[in-house]
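# Observations on chain architecture
As a plain string of letters, each chain reads:
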Protein chains: 2
Amino acid sequence: MSEQKLDQLRQKVDEINLQLIELLNERGKVVQEIGKEKIKHGINRFDPEREREVLNMVADYNKGPFETSTMQHMFKTIFQASLELQEDDHRKALLV
Amino acid sequence: MSEQKLDQLRQKVDEINLQLIELLNERGKVVQEIGKEKIKHGINRFDPEREREVLNMVADYNKGPFETSTMQHMFKTIFQASLELQEDDHRKALLV
């Protein structure tokens, strides 16, 4: 009985995981477009002011159960991965 | 003109960020329920086999642009935050 409840909850987590994969990749694509725009106009890819803006937005919209600092930490990991994505594109652009 | 394009793309990212905050917290709530079930039945909260299963799922469903290893890294950060959430609940349960 308890195993069944756990299985149900894990299925819910799996569904959310699939949505997260999709949403993160969607975000990745938009960030790549931003990177291309920045290359075109010679703007630096790393933008601490913009990151601060997003982290403030996270604080404003976070309703828990995750603590705001924890949610911001997860977003910092996403920022880092996104920056690497843009840098890969930049390297590829230089090789063309 | 270019600034306008960048602003539009950033707005898209902001919309996705809000969805991510919501989805991560939704995941957090389900994980808390799982934690409570585990406490009830004396099951260890840290479950490396289940984490491996989710990471394999990430590999199966990831279509990019993020590399699978990068996507898995983001999920590991989510796992860690989720485990902390369960541990907080456990501490609170012990204090009651």
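An unreviewed UniProt entry lists chain A under the name Bifunctional 3-deoxy-7-phosphoheptulonate synthase/chorismate mutase, with Gottfriedia endophytica as the source organism.

Turning our eyes to something else, we now look at the overall build of chain A. A tally of regular secondary structure across chain A gives three helices and zero strands. Overall, chain A shows an N-to-C arrangement of helices and strands of α-α-α. Since a compact globule built from 96 residues should have a radius of gyration of about 12 Å, the 18 Å found for chain A marks it as more spread out than a globular shape. Expressed as a percentage of its 96 residues, the buried residues of chain A come to 45%. In chain A, 56% of the contacts between residues at least 6 apart in sequence involve partners at least 24 apart. Total accessible area on chain A is roughly 5,700 Å²; 49% of this is exposed by carbon and sulfur atoms. Of the side-chain charges in chain A, 15 are positive and 18 negative, and the distance between the mean point of each set is 1 Å.

Once that is clear, we can look at the relation of the copies chain B and chain A. When chain B is fitted to chain A, the best match, at an RMSD of 0.0 Å, comes from turning it 180° and sliding it 0.0 Å along the axis. With respect to symmetry, the two chain copies, as superposed, fit the operation of a two-fold axis. Most of the interface of chain B is mirrored in chain A, where 100% of its interface residues again form contacts.

Axis separation between helix 3 (residues 68-95) of chain A and helix 3 (residues 68-95) of chain B bottoms out at 10 Å; the angle between their running directions is 170°. One finds that helix 3 of chain A runs roughly antiparallel with respect to helix 3 of chain B. Every residue of helix 3 of chain B that contacts helix 3 of chain A at Thr-70, His-73, Met-74, Thr-77, Ile-78 and Ala-81 of chain A is listed here: Thr-70, His-73, Met-74, Thr-77, Ile-78 and Ala-81 of chain B.

Turning our attention to the side chain of Asp-89 of chain A. On the secondary structure map, Asp-89 of chain A appears in helix 3. With a relative accessible area of 18%, Asp-89 of chain A lands in the buried category.

So, on to the interface of chain B and chain A. Chain B puts 52 residues into the contact, and the matching count from chain A is 52 residues. For the chain B and chain A pair, buried surface summed over both sides reaches about 5,100 Å², with 74% attributable to carbon and sulfur atoms. Our enumeration of links across chain B and chain A arrives at six salt bridges. For the interface between chain B and chain A, the tally reads 15 residue pairs in polar contact (both at pLDDT 80 or more).

The next thing to look at is the nonpolar core. Leu-20, Met-71 and Phe-75 of chain A together with Leu-20, Met-71 and Phe-75 of chain B are the most contacted members of the largest nonpolar core, which has 44 residues in total. Filtering out sequence-adjacent residues up to four positions away, Phe-75 of chain B remains in contact with Asn-17, Leu-20, Ile-21 and Leu-24 of chain A together with Val-54, Leu-55 and Val-58 of chain B.

Let us look at the packing of helix 2 (residues 48-61) of chain B against helix 3 of chain B. All names here are of chain B. The contact between helix 2 and helix 3 brings their axes to 9 Å, and the two run at 145°. Here helix 2 and helix 3 pass one another in a crossing that is right-handed. Residue-level inspection shows Glu-51, Val-54, Leu-55, Val-58 and Ala-59 of helix 2 in contact with helix 3, the latter providing Thr-68, Met-71, Gln-72, Phe-75, Lys-76 and Phe-79. Residue composition of the contact of helix 2 with helix 3, grouped by class: seven nonpolar, two polar and two charged.

Residue and element names in this part refer to chain A. With 14 residues, helix 2 (residues 48-61) should cover 20 Å at 1.5 Å per step; its first-to-last C-alpha distance of 20 Å lies within 8% of that length. Among the residues making up helix 2, those that are buried are Arg-50, Val-54, Leu-55 and Val-58. Looking straight down helix 2, one finds its buried side chains confined to an arc of 140°; they lie on one side. Exposed residues lying more than 90 degrees from the buried face of helix 2 are Glu-49 and Asp-60.

On to the confidence of the model for chain A, then. Residue and element names in this part refer to chain A. Of the residues in chain A, 97% have a pLDDT of 70 or more, and the chain-wide mean is 92. The secondary-structure element of chain A with the lowest mean pLDDT is helix 3, recorded at 90, while helix 2 shows the highest, at 96. Note on the complex model: pTM 0.93, ipTM 0.93.

Calculation notes
- Residues numbered from 1 in each chain as written.
- Chains lettered and ligands numbered in written order.
- Predicted model: local features only at pLDDT ≥ 70, side-chain atom pairs only at ≥ 80, totals over all residues.
- Heavy atoms only, no water.
- Helix = DSSP H or I, 4+ residues; strand = E, 2+ residues; numbered from the N terminus.
- Rg over C-alpha atoms; globule rule 2.2 N^0.38 Å.
- Buried < 20%, exposed > 50% of the residue type's maximum accessible area, 1.4 Å probe, protein only.
- Contact = heavy atoms within 4.5 Å.
- Areas by Shrake-Rupley, 256 points an atom, 1.4 Å probe, with all protein chains shown as cover.
- Lys, Arg positive; Asp, Glu negative; His and termini not counted.
- Charge placed at Lys NZ, Arg CZ, Asp CG, Glu CD.
- Least-squares fit on C-alpha atoms with pLDDT ≥ 70 in both.
- Axes fitted to C-alpha atoms, helices over the stretch in contact; angles between N-to-C directions.
- Parallel < 35°, antiparallel > 145°, perpendicular 65-115°, else oblique.
- Buried area = accessible area lost by both parts, 1.4 Å probe.
- Salt bridge = Lys/Arg side-chain N within 4 Å of Asp/Glu carboxyl O.
- Polar contact = N/O pair within 3.5 Å; in protein donor to acceptor, adjacent residues only side chain to side chain.
- Core = buried A, V, L, I, M, F, W, Y, C linked by side-chain atoms within 4.5 Å.
- Left-handed = near helix turned anticlockwise from the far one by under 90°.
- Nonpolar A, V, L, I, M, F, W, Y, C, P; charged D, E, K, R; others polar.
- Expected span 1.5 Å × (residues − 1).
- Arc of directions from axis to C-beta.
- pLDDT = per-residue confidence, 0-100.

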